[in-house]
Amino acid sequence: GMDHELLGTVLDDAEVSIVIADDAVPGGPWRVLHPEALDRAEPAPITPVHPDDMAYIVYSSGSTGTPKGATHAHRDMRAPAITPVPEPRCETGE
């Protein structure tokens, strides 16, 4: 798993409010839920999402060794999840 100090830094930087985890998570201002708690939870209301709203953050240490987050909007996820692969073409004698 991820180092607890590094995980705490990333969670703090991302300003998360809820963490869903079945392993130990460093303490912070976030609420930690075990995945089984989701089975007992009431469904949350569906809220509208704008294409420019942030969807997720990807963290990378880059060249400095310090985690840096790159944000991605819902608009960035519009590409198809599966790219069609063309049928292979074989010529006679191959």
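Residues numbered from 1 in each chain as written. Predicted model: local features only at pLDDT ≥ 70, side-chain atom pairs only at ≥ 80, totals over all residues. Heavy atoms only, no water.

A.B. asks: Break down the overall build of the chain for me, citing the residues and quoting the values.
C.D. replies: Assigned secondary structure in the chain consists of two helices and four strands. Taking all 94 residues of the chain together, 11% fall into the buried category. Taking as baseline every contact in the chain between residues at least 6 positions apart, the subset at least 24 positions apart corresponds to 14%. Surface exposure of the chain reaches about 8,200 Å², of which carbon and sulfur atoms provide 54%. (Helix = DSSP H or I, 4+ residues; strand = E, 2+ residues; numbered from the N terminus. Buried < 20%, exposed > 50% of the residue type's maximum accessible area, 1.4 Å probe, protein only. Contact = heavy atoms within 4.5 Å. Areas by Shrake-Rupley, 256 points an atom, 1.4 Å probe, with all protein chains shown as cover.)

A.B. asks: Tell me about the pattern of salt bridges, and name the residues and values.
C.D. replies: Enumeration according to the criterion identifies one salt bridge in this entry. Between arginine 75 and aspartate 52 there is a salt bridge, with its nearest N and O atoms 2.9 Å apart. Here the residue arginine 75 occupies a position in the segment after strand 4 (68-73), and aspartate 52 occupies one in the loop between helix 2 (37-40) and strand 3 (54-60), the gap between them amounting to 23 residues. The class for aspartate 52 is partly exposed, based on a relative accessible area of 49%. (Salt bridge = Lys/Arg side-chain N within 4 Å of Asp/Glu carboxyl O.)

A.B. asks: Explain helix 1 (residues 4-13) residue by residue, including any values.
C.D. replies: Inspection of helix 1 places Gly8, Val10 and Leu11 among the buried residues, and these make up the whole buried set. Around the axis of helix 1, the buried residues are gathered within 165° of arc, so they sit on the same side. Contacts made by the buried residues of helix 1 are with strand 1 (18-20) and strand 3. Where helix 1 begins, the side chain of aspartate 3 points an oxygen toward the backbone nitrogen of glutamate 5, at a separation of 3.0 Å. Directly after helix 1, the chain includes glutamate 15, whose backbone phi takes a positive value near 55°. (Arc of directions from axis to C-beta. Polar contact = N/O pair within 3.5 Å; in protein donor to acceptor, adjacent residues only side chain to side chain.)

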